[in-house]
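# What the coordinates show
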Amino acid sequence: MNAPPPSDAPPGQTAEGYRQGLGKRQIQMISIGGAIGTGLFLGAGSRLQAVGPSLAIVYLVCGVFSFLMLRALGELVMYRPTSGSFVSYAQEFLGSRASYVAGALSFFSWAMTGIVDITAVALYMHFWGVFASVPQWLMALMALVVITCMNLIGVKWFGEMEFWFSIVKVVALLAFLVVGTAILGLRVPVDGHATGLQLITEHGGLFPHGMLPALVLIQGVVFAYYGIEMIGTAAGECKNVREVLPSAINNVIWRIMIFYVGTVTLLVLLLPWSAYQAGVSPFVTFFSRLGVPGVDSLMNMVVLTAALSSLNSGLYSTGRVLRALAMNGTAPRYLAHMNRQAVPAAAILTTVAIYLVGVGLNYLLPSQIFEIVLNMASIGIVSTWCFILLCQIKLRQAIRAGRIAPTGFAMPGAPVTAWLTIAFFVSILGLMLFDYPTGTYSIMAIPVLAALLFAGWKAASHTPLSTVPQTIPSAELTDDADFTPPRNAD
């Protein structure tokens, strides 16, 4: 039986040339933060407006399948941790073409997601009247500059920023859950409405617009969970990953239940679902109606942090994906360049160039941009997750054949659950056809996307670069090894 491939990298450095600068507490918070992002803080407002209380059910269904995908990724990471994540696994189990398509579609979806995030930042900033006169595109550009700098200074600082970003998001949601539960339990009216189940039964029930809108909405809700797979990429730069990863992944399902299903349920029990609207965070709406001075502004600051966190994580992940493609010979060689901080600077700056297109779209289409890129990103999200599941299926076949040793963290119910999850994700593409006009146009654009992928494949050199880690001065490695997290933080 084959064990995970050994690494000849120096201590504190991975075989791909990255530094193992992420610790246990950072990986745990990245796994939490990846499951709490713009899709909940901003997207939930328009989703509640579209389907009402049934949003909680949609979040639950999508959350279960997203968690199964994450367990599949966890089994792959336990076999062989790598910053190339699913691109590297696709190269090993599915071949070069599949690895190229997986990486290219992931880059596409993260690029679209980044545009969503900078749009969200601009929308949040306009909540404060002092920024009302500042153009949305300028807000988006400022956010992009800040996050780009964050991603170029080293992985340990990325981990620290994500740790605190995630802390802010979790504390804010817990505060809402505590305050909301207390108001509901004490039957305190909110904005003149009595709280409780009657807010659902008296306003059209669970499905006020019928079942079809809830089904169509699945493709948008899946976007809310995009980013949970980033833990697979971050694992490649984590110390003691095989000890840290299982608990970090297993806890995701409880976070989904509490932070998504529980939060949406509480929102519709506190205010009529029609009180929430697109472009405004439902948490800001709730605290504004509560009438507590300054609380809505504080919550808006929190959701602004969430959008910045999502943008920061996306740029981190995309840089690693592009570099993995370059190392495989299916992307321009310059994308493999690392700076002195062992960060894939060329890949990150290339992604930023794509994000600048999003800044332009904010100038041209400020009101429609969020929904347009959200649908386009969903195509890449579904594709990326399906590739992860296919790699896990191949890994399990190799384990059963005795070619690879068991990982000790098997995906539950595989391969049946893996194929069911793939079927669910593929069905989302069919549902997008009914989401006219943005979803329909997005599906119609798939042939164009396929043509671009084909052209990119033909233009690639297909000559893998050396996998020998880039040389990093020993003094820098020593400095990195000496980085000590705050006491008791782990």
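What counts as what
- Residues numbered from 1 in each chain as written.
- Predicted model: local features only at pLDDT ≥ 70, side-chain atom pairs only at ≥ 80, totals over all residues.
- Heavy atoms only, no water.
- UniProt positions renumbered as here; feature names shortened; annotations may be inferred.
- pLDDT = per-residue confidence, 0-100.
- Helix = DSSP H or I, 4+ residues; strand = E, 2+ residues; numbered from the N terminus.
- Contact = heavy atoms within 4.5 Å.
- Axes fitted to C-alpha atoms, helices over the stretch in contact; angles between N-to-C directions.
- Parallel < 35°, antiparallel > 145°, perpendicular 65-115°, else oblique.
- Nonpolar A, V, L, I, M, F, W, Y, C, P; charged D, E, K, R; others polar.
- Phe/Tyr/Trp six-rings, centres within 6.5 Å; stacked < 30°, edge-to-face > 60°.
- Buried < 20%, exposed > 50% of the residue type's maximum accessible area, 1.4 Å probe, protein only.
- Lys NZ or Arg CZ within 6 Å of the ring centre and 35° of its normal.
- Polar contact = N/O pair within 3.5 Å; in protein donor to acceptor, adjacent residues only side chain to side chain.
- Patch = residues over 30% accessible without salt bridge, like charges linked within 9 Å, V, L, I, M, F, W, Y side chains within 5 Å.
- Areas by Shrake-Rupley, 256 points an atom, 1.4 Å probe, with all protein chains shown as cover.
- Salt bridge = Lys/Arg side-chain N within 4 Å of Asp/Glu carboxyl O.

By the naming in an unreviewed UniProt entry, the chain goes by Amino acid permease and is assigned to Acetobacter lambici. The record held by UniProt for the chain lists under Subcellular location (unreviewed entry) the comment "Membrane".

## A short note on the confidence of the model for the chain
With 85% of its residues at a pLDDT of 70 or more, the chain shows a mean pLDDT of 81. Within the chain, the lowest mean pLDDT, 36, falls on helix α22 (residues 474-481), and the highest, 93, falls on helix α4 (residues 55-79). Low confidence marks residues 1-7, where pLDDT is under 50. Its contacts with residues over four positions away, or in another chain, come to 14 contacts. With pLDDT under 50 throughout, residues 467-490 is counted as low confidence; its partners more than four residues away or in other chains account for 38 contacts.

## Focus on unusual backbone geometry
At the junction of alanine 414 and proline 415, the peptide bond is cis and its omega measures out at 5° in the coordinates. The residue proline 415 is located in the loop between α18 (369-400) and α19 (416-432) in this model. One non-glycine residue, arginine 187, lies in the positive phi region at around 60°. Among the secondary structure elements, arginine 187 is positioned in the loop between α8 (155-186) and α9 (198-201).

## Notes on the packing of helix α5 (residues 85-93) against helix α16 (residues 295-328)
Two elements in contact, α5 and α16, have axes separated by 8 Å at closest approach and are oriented at 30°. When the axes of α5 and α16 are compared, the pair comes out roughly parallel. For the pair α5 and α16, contact is made by Phe86, Val87 and Gln91 and by Val321, Ala324, Leu325 and Asn328, respectively. Among the residues making up the contact of α5 with α16, the classes are represented as five nonpolar, two polar and no charged.

## A short note on the packing of aromatic side chains
The full count for this structure, using the stated rule, is 13 aromatic pairs. Seen in terms of ring centroids, tyrosine 79 and phenylalanine 93 are 5.8 Å apart; in terms of plane orientation they differ by 55°. Their pairing is tilted. In this pair, tyrosine 79 is assigned in helix α4 and phenylalanine 93 in helix α5, connecting sequence segments 14 residues apart. Summarising the burial analysis for this pair, tyrosine 79 and phenylalanine 93 share the class buried. Pairing phenylalanine 163 with tryptophan 164 gives two aromatic rings, centres 4.9 Å apart and planes at 90°, and the pair type is edge-to-face. Taken together, the aromatic side chains of Phe65, Trp385, Phe424 and Phe425 make up a single cluster linked through ring pairs. Against the face of phenylalanine 409 rests arginine 71, its NZ or CZ located 4.1 Å from the ring centre.

## Remarks on the environment of serine 88
By secondary structure assignment, the location of serine 88 is in helix α5. The sequence separation of serine 88 and cysteine 391 amounts to 303 residues, and the corresponding C-alpha distance is 9.9 Å. Residues in contact with serine 88, not counting those within four places in the same chain, are Arg80 and Thr82. Here the side chain of serine 88 touches arginine 80 through a polar contact of 2.9 Å, side chain to side chain.

## So, a nonpolar patch on the surface
On the surface, a cluster of nonpolar side chains totalling about 450 Å² of accessible area is made up of Leu60, Val64, Trp254, Met257 and Ile258. When residues of the nonpolar patch are traced back to their parent elements, those giving at least two are α4 and α14 (252-270). Here the element with the most residues in the nonpolar patch is α14; it accounts for three residues. Residue placement: leucine 60 occurs in helix α4. Overall, the relative accessible area of 31% leaves leucine 60 in the partly exposed class.

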